[in-house]
Amino acid sequence: MSNAPVYHIDLKAFWIDPYPDLAKMRAETPIAYVPELDATLLTLRDDIFREEKRIEVFSSEQPGGLMTTLMGENMMRKDGAAHMAERKMIFPSVSPRTVRDVWKRQFESATCDILDHLPCDNVDLVRDFAMPVSAEALKAMTGLTNMYFAEMDRVSQGMIDGCANYAGDPQVEANCHDCTASIDAHIDARIPELRTKPDLSLLCVAMTAGMPQEQIRANIKLAISGGQNEPRDAIAGTIAALLDHPVQLQKALSGEVTWLQVFEEYARWMSPIGMSPRRIAKAYTLNDITFEPEDRAFLMFGSGNRDELIFANPDVFDVTRDTTKAISFGAGPHFCAGAWASRCMIAEVALPMFFERFKNVTLTETVAYRGWAFRGPLSVKARGLVQ
């Protein structure tokens with residue numbers, strides 16, 4: 001392992017709220033080995049921004065990593081030419097033009113239908129709004145239109161839990177395998193139809209580009225693991241943050257700030273994707289810390305997004321903030337391929353359509369945000385959704 005200073009965490013407390021520990025690490029041991037995670041954590045924004053690009057050291061290739069063993073070797077677990085080749089193959093499905101010309105209309109149609117059927121009171125905006133909005137968008141983009149939206153949410157959560165299962169819980173692993181099997185079955189059922197009626201979905205575009213079957217499956221699973229829970233949590237979490245900060249909400253409603261600014265600030269403040277793991281490919285020294293080959297390093301995006309050296313009052317949700325230096329979608333060659341779709345779905349569709357429809361929504365419970373590798377609200381209970 002690296003020779004970084006050792007920093008101990010309470011795993012449960014870290015899951016509930018990692019920010020106090022991360023702030024202490026930034027101040028005292030910005031590169032720290034955490035035995036409970038068996039990883040060396042990089043916590044400063046500039047270190048993460050710079051080193052993520054150094055793929056010859058901080059490698060995404062992790063043959064024995066949880067994501068690879070549970071979901072297959074997707075493009076997120078490849079570097080250099082291999083990564084770029086697969087990214088290029090799927091680009092027509094997620095390009096800004098395709099998002100604008102194809103997916104946005106489908107996002108709007110599905111969101112309108114979901115809003116039409118929301119209950120007026122005792123609604124959970126995670127379960128009843130954000131989850132189906134995210135899932136219906138992901139069904140269209142992946143090509144798995146034969147999957148029920150609740151199943152899309154289930155398999156995504158199962159894979160996320162599996163990839164964060166550093167404690168090795170056998171039940172979590174078994175559930176993850178069940179979820180990946182469900183995805184494979186839905187892929188198999190859709191292939192014949194897409195061969196006769198091609199579209200711009202990820203599945204069809206990858207097939208047309210000649211991507212090998214095992215890589216198609218792995219990358220569909222990657223898209224689901226990163227394209228369901230994170231947008232779901234960002235939609236519900238941003239709404240909750242605005243309802244908790246009415247002055248901030250008024251700035252958005254009045255047009256003083258854009259919905260994109262609101263979303264980007266939420267993504268900085270709460271970091272739905274809080275961490276990305278890396279394997280150390282060769283010996284390397286950073287700030288007097290020596291990393292050894294096969295060490296495990298975690299790039300802590302959630303910490304970098306609250307770095308006091310970059311952001312003033314970083315624990316404060318402020319929609320007027322300049323988020324240019326936020327690393328919510330990553331920083332290097334693995335910058336999130338779905339970023340354009342997420343921004344469209346959340347900032348151009350879900351948030352403005354929700355607040356245009358509902359003017360007097362109030363929270364009925366304090367919102368609990370949880371997680372450190374992935375972070376979001378467990379539920380967002382609200383009332384007053386009268387149209």
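Residues numbered from 1 in each chain as written. Predicted model: local features only at pLDDT ≥ 70, side-chain atom pairs only at ≥ 80, totals over all residues. Heavy atoms only, no water.

A. Structural view of the sheet that holds strand β8 (residues 296-299). Ordered by their spatial adjacency, five strands build an open sheet running β1-β2-β8-β5-β3, and the pairing between neighbours is mixed. Each end of this open sheet is capped by a strand with a single partner; those strands are β1 (31-34) and β3 (58-59). Sheet topology note: the strand β5 (residues 276-280)/β8 ladder contains four bridges and is antiparallel. Among the inter-strand pairings, P277 is bridged to a residue of β8, identified as F298. (Pairing = 2+ DSSP bridges. Helix = DSSP H or I, 4+ residues; strand = E, 2+ residues; numbered from the N terminus.)

B. Region of the structure containing the side chain of T40. As for its placement among the helices and strands, T40 is situated in strand β2 (residues 39-42). Of note is the side chain of T40, whose polar atom sits 2.7 Å from the side chain of S2. (Polar contact = N/O pair within 3.5 Å; in protein donor to acceptor, adjacent residues only side chain to side chain.)

C. Quick peek at unusual backbone geometry. The residue S271 is not glycine, and still its phi comes out positive at about 45 degrees. For S271, the location among the structural elements is in the loop between α14 (259-270) and β5. S271 sits in the buried class, given a relative accessible area of 2%. Although it is not a glycine, D288 adopts a positive phi angle of roughly 70 degrees. (Buried < 20%, exposed > 50% of the residue type's maximum accessible area, 1.4 Å probe, protein only.)

D. The sheet that holds strand β4 (residues 123-124), seen in detail. With respect to topology, three strands assemble into an open sheet ordered β4-β12-β9, the strand pairing being antiparallel. Either end of the sheet is taken by a strand with one partner, and the two such strands are β4 and β9 (362-363). By the bridge criterion, two bridges tie β4 to strand β12 (residues 381-383) in an arrangement that is antiparallel. By the bridge assignment for β12, V123 is matched with A382.

E. A look at the environment of P352. Its location among the elements puts P352 in helix α16 (residues 339-357). Taking the C-alpha atoms as reference, P352 lies 31 Å from F49; in sequence the two are 303 residues apart. Every residue in contact with P352, bar those within four places of it in the chain, is listed here: W259, I346 and A347. (Contact = heavy atoms within 4.5 Å.)

F. Representation of the packing of aromatic side chains. Tallied over the entire structure, the rule returns 14 aromatic pairs. Their ring planes at 85 degrees and their centres at 5.9 Å tell us that F58 and Y284 sit as a pair that is edge-to-face. With F58 in strand β3 and Y284 in strand β6 (residues 284-286), this pair connects stretches of sequence that are 226 residues apart. Here the two residues F58 and Y284 agree in accessibility, since each one is buried. Both rings, one in F91 and one in W340, keep their centres 6.3 Å apart while their planes meet at 85 degrees; by these two values the pair is edge-to-face. In this pair, F91 sits in helix α5 (residues 80-94) while W340 sits in helix α16, placing the two residues 249 residues apart along the sequence. Its relative accessible area of 39% is what places F91 among the partly exposed residues. By relative accessible area, W340 is classed as partly exposed at 34%. Taken together, the ring pairs in this structure connect F129, W259, F354, F355 and F358 into an aromatic cluster. Cation over ring: K53 sits above F49, and NZ or CZ is 3.3 Å from the ring centre. Across from the ring centre of Y19, 3.6 Å away, lies the NZ or CZ of R306, which sits over that ring. (Phe/Tyr/Trp six-rings, centres within 6.5 Å; stacked < 30°, edge-to-face > 60°. Lys NZ or Arg CZ within 6 Å of the ring centre and 35° of its normal.)

G. Summary view of the nonpolar core. Residues F129 and F354 are the most contacted members of the largest nonpolar core, which totals 101 residues. Considering every element that reaches this core, the biggest residue donor is α16, with twelve residues. In contact with F354, other than residues within four places in its own chain, are L115, L125, F129, I239, V361 and L385. (Core = buried A, V, L, I, M, F, W, Y, C linked by side-chain atoms within 4.5 Å.)

H. Inspection of the pattern of salt bridges at higher detail. A complete count under the given rule lists 27 salt bridges for this structure. Here R26 ties to E308 by a salt bridge, and the two come within 2.8 Å at their closest N and O atoms. Here E308 lies in the loop between α15 (301-304) and α16 and R26 lies in helix α2 (residues 19-28), a separation of 282 residues in the sequence. Taking the relative accessible area as the measure of exposure, R26 reaches 7% and is therefore buried. What makes E308 partly exposed here is its relative accessible area of 43%. (Salt bridge = Lys/Arg side-chain N within 4 Å of Asp/Glu carboxyl O.)

Any link to function would need more than the numbers given here.
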